[in-house]
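Coordinates in review
This is what each chain is made of:
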Amino acid sequence: MATATPTPKLNRIGLPVIEYRGGKSTLCAGCGHNAISERIIDAMFEMGVEPERVMKMSGIGCSSKSPAYFMSRSHSFNSVHGRMPSVSTGAILAQHQLTMLGVSGDGDTASIGVGQFVHLLRRNLPMIYIIEDNGVYGLTKGQFSATADIGSKLKTGVINELPAIDTCALAIQLGATFVGRSFSGDKKQLLAMLKAAIAHKGTVMLDVISPCVTFNDHEGSTKSYKFMQENDEPINEIGFVASFDEIDVDYDSGQIYDVQLHDGSNLRLRKLHEDYDPTDKANAVRTLMEAEEKNEVLTGVFYINTEKPTFIDLLGLVDEPLATLPESLTRPPKSALDALMANLQ
Amino acid sequence: MVAWYPITPSTSLIEATTDLLKKFRVTPEGKATFAVVQAEDELAAIGMVLGAGWAGARSMTSTSGPGISLMAEFSGLGYFAEIPGVIFDVQRSGPSTGLPTRTSQADLLSTAFLSHGDTKHVILLPGSVKECFEFSMAAFDLAERLQTPVFVLTDLDLGMNNWMSEPFQYPDKPLDRGKVLTAEDLNRLGGFARYRDVDGDAIGWRTLPGTRHPKAAYFTRGSGHNDAAAYTEKPDEYQAVMDRLTRKFENARTLVPAPLVIKDKSSKIGFLAYGTTDFALRESMDQIKKEYKLDVDYLRIRAFPFAHEIHDFVASHERVYVVEQDRDAQLASLLKLDLPADQVVKLRSILFYNGLPMDACSITDEFVTKEGL
């Protein structure tokens, strides 16, 4: 009996979604990180990003293994613990017209890597920086990380007594130009956020709460599926209209924040939280601080700035990648050396 | 791409480099064909160097002892994941902070094996300002040819003081950008395995991010990998990579700057030295010749791993004095690890480590005492 092979849906550059997939995940079944990998695949596919024009970066940890599980057609660099920012900085300076997406974890970012993280934000390095945040060290079997909330409890009964670092507040304060928080279980919100991230030019810092089913998904954990389902408070509803889509959204304009991104796409934020203005830096930080006092986990896009120059702009680099400049541009002529020598005589 | 963190006595190297880049590496439209980043620390500096080297740009940093210590972990990644980069170490005195404004040669041993696990590095050892110029170019070529971090060890005496020099020669060879496959190559080959030794030189071919071919990508990792760059814990696959790295390092003996024969076949006694020790040693040789009528041979070492000529020099002498500016006879120790057991007994040490540049009399006095002249 002959059956017609279904034609796979192709994106705008003619690729099926399978060309955005990676290796089989070796993370635990139900790990939030796997859901994030799926959303990255969807976002890159839907945006029609050429996989060969993406660099995937990571540090060390469960989260940092995940670039092996999406986009096998992209170069990937699994570096050392906490040092994804510096390796990414070098890589993007060498190939600045590529899209760079980095996956880190809460230990990799907020503990061992906090120094480099802070300086990456200051530079507004053009990259998408995702923290797969579960509040716990998975590979070493369940120690608290610096994003674990005060009072949260490990499976072993240990209570965290130190305050959490709010990576979003930190990122906003230090210079990232697109800062949001989402939840690995919220497909719609995370996908829209990732698509907008791809269209943005500058540091995109996304803290994605991603429950660890093995060590931190239980009663008493504030990074569990249950806690997030009960306490997730979206600050805005995120719509994203890519530059190649027709704008066809029917919103009450008084409730909408439209932000035009660098590639002509539109990030459309429907306010849920009073008069939240995502371009007001001070208000964004204050909102996050207030939520912390109320034990609420806010999600959504907290801050966006499309005006600030990136590190590449500041350095005034040529359009061609530094990596492949011809020798005629990288080796000054003999006359230059001769003149230097003559000056020293 | 230059990434650096301020530290005495290496800062002047970066400041001079930056001035030259601003003068010679700007297009008529005013765009930079270079990037200089003052990093947040030395860990970040070498991380940026490896990131840029991996993505295909020539990259460098410059530091001194404490910075070298901080670069240890990344140096191992560069060695194992086979990523080019150039690290200048303008050596200063002492463990810890030591004497930051004084000179020494005491980073040699720690740099040779910088990082944990089985790691070893290519080191170039210039002995003059002119060689600093020449070896800098050689270091970038070697880093890309060998796909590994290359260290250039100079010292405060050479790196910060004013020197007389012969004029520098304009290079007569094009840059060696190493083994890089393009999309056209991949069309022809149908694919590649990043760490496979297809040419018998223990060096695999690499691709750069951005190469428009569906088979161009590979996964770079510091964890165990096989020759196709896939994660592995299989004993034979892991060991095969480690053995290939050893072969690559062995091959480097003939690619690094060869030692310089200053004097040979005049004596049963020889001197070995590197770097700025050269100046004091030549003067000392004149003193020894004048006062004791003894013409001692001398070979100046210019790189690690050691070239075969160094083995031959030791083999053809009865006693070999290793003259160096550190307390623990680091060059002699490194030679002892490399020489056959029957040659090791020939080595004697003349050491100098008070923070000042070595002087001729100190060498002559120690030599005369040890020789019983």
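Criteria and cut-off values
Residues numbered from 1 in each chain as written. Chains lettered and ligands numbered in written order. Predicted model: local features only at pLDDT ≥ 70, side-chain atom pairs only at ≥ 80, totals over all residues. Heavy atoms only, no water. Domains from an automatic or database assignment. Contact = heavy atoms within 4.5 Å. Buried area = accessible area lost by both parts, 1.4 Å probe. Salt bridge = Lys/Arg side-chain N within 4 Å of Asp/Glu carboxyl O. Polar contact = N/O pair within 3.5 Å; in protein donor to acceptor, adjacent residues only side chain to side chain. Helix = DSSP H or I, 4+ residues; strand = E, 2+ residues; numbered from the N terminus. Nonpolar A, V, L, I, M, F, W, Y, C, P; charged D, E, K, R; others polar. Pairing = 2+ DSSP bridges. Axes fitted to C-alpha atoms, helices over the stretch in contact; angles between N-to-C directions.

This next bit is on the domain arrangement of chain B. By a frequent convention, interface size equals the accessible area lost on bringing the separate parts together. Residues and elements named next belong to chain B. We note that the domain assignment places domain 1 (2-160), domain 2 (183-252) and domain 3 (260-371) within chain B. The straight-line distance from the C-alpha centre of domain 1 to that of domain 2 is 25 Å. Contacts between the two partners involve 20 residues from domain 1 and, on the opposite side, 24 residues from domain 2. Buried area between domain 1 and domain 2, summed over both chains or domains, comes out near 1,800 Å², and the portion from carbon and sulfur atoms is 61%. The three residues of domain 1 that bury the most area against domain 2 are W54, F80 and E82, which together make up 38% of that side's buried surface. On inspection of domain 1 and its partner domain 2, the count reaches 2 salt bridges. Inspection of the domain 1/domain 2 interface yields 11 residue pairs in polar contact (both at pLDDT 80 or more). The element that contributes the greatest number of residues to the side of domain 1 that touches domain 2 is helix α4 (residues 72-81), accounting for 4 residues. In terms of residue class, the side of domain 1 that touches domain 2 is built from 10 nonpolar, 5 polar and 5 charged.

This part is about the sheet that holds strand β14 (residues 347-351) of chain B. All names here are of chain B. In spatial order, the strands read β9-β11-β10-β13-β14; together these 5 strands make up an open sheet with mixed pairing. Whereas interior strands pair on both sides, the edge strands pair on one side only; in this sheet they are β9 (260-263) and β14. Across this sheet, the average inter-strand angle for adjacent strands is 25°, counted without regard to direction. In the sheet, strand β13 (residues 319-324) pairs with β14 via 5 bridges, with the strands oriented parallel. Paired with V320 across the two strands is L347, which belongs to β14. Taken strand by strand, helix α10 (residues 277-292) contacts β9, β10 (269-274), β11 (297-301) and β13, and its axis lies near 160° from that of β10.

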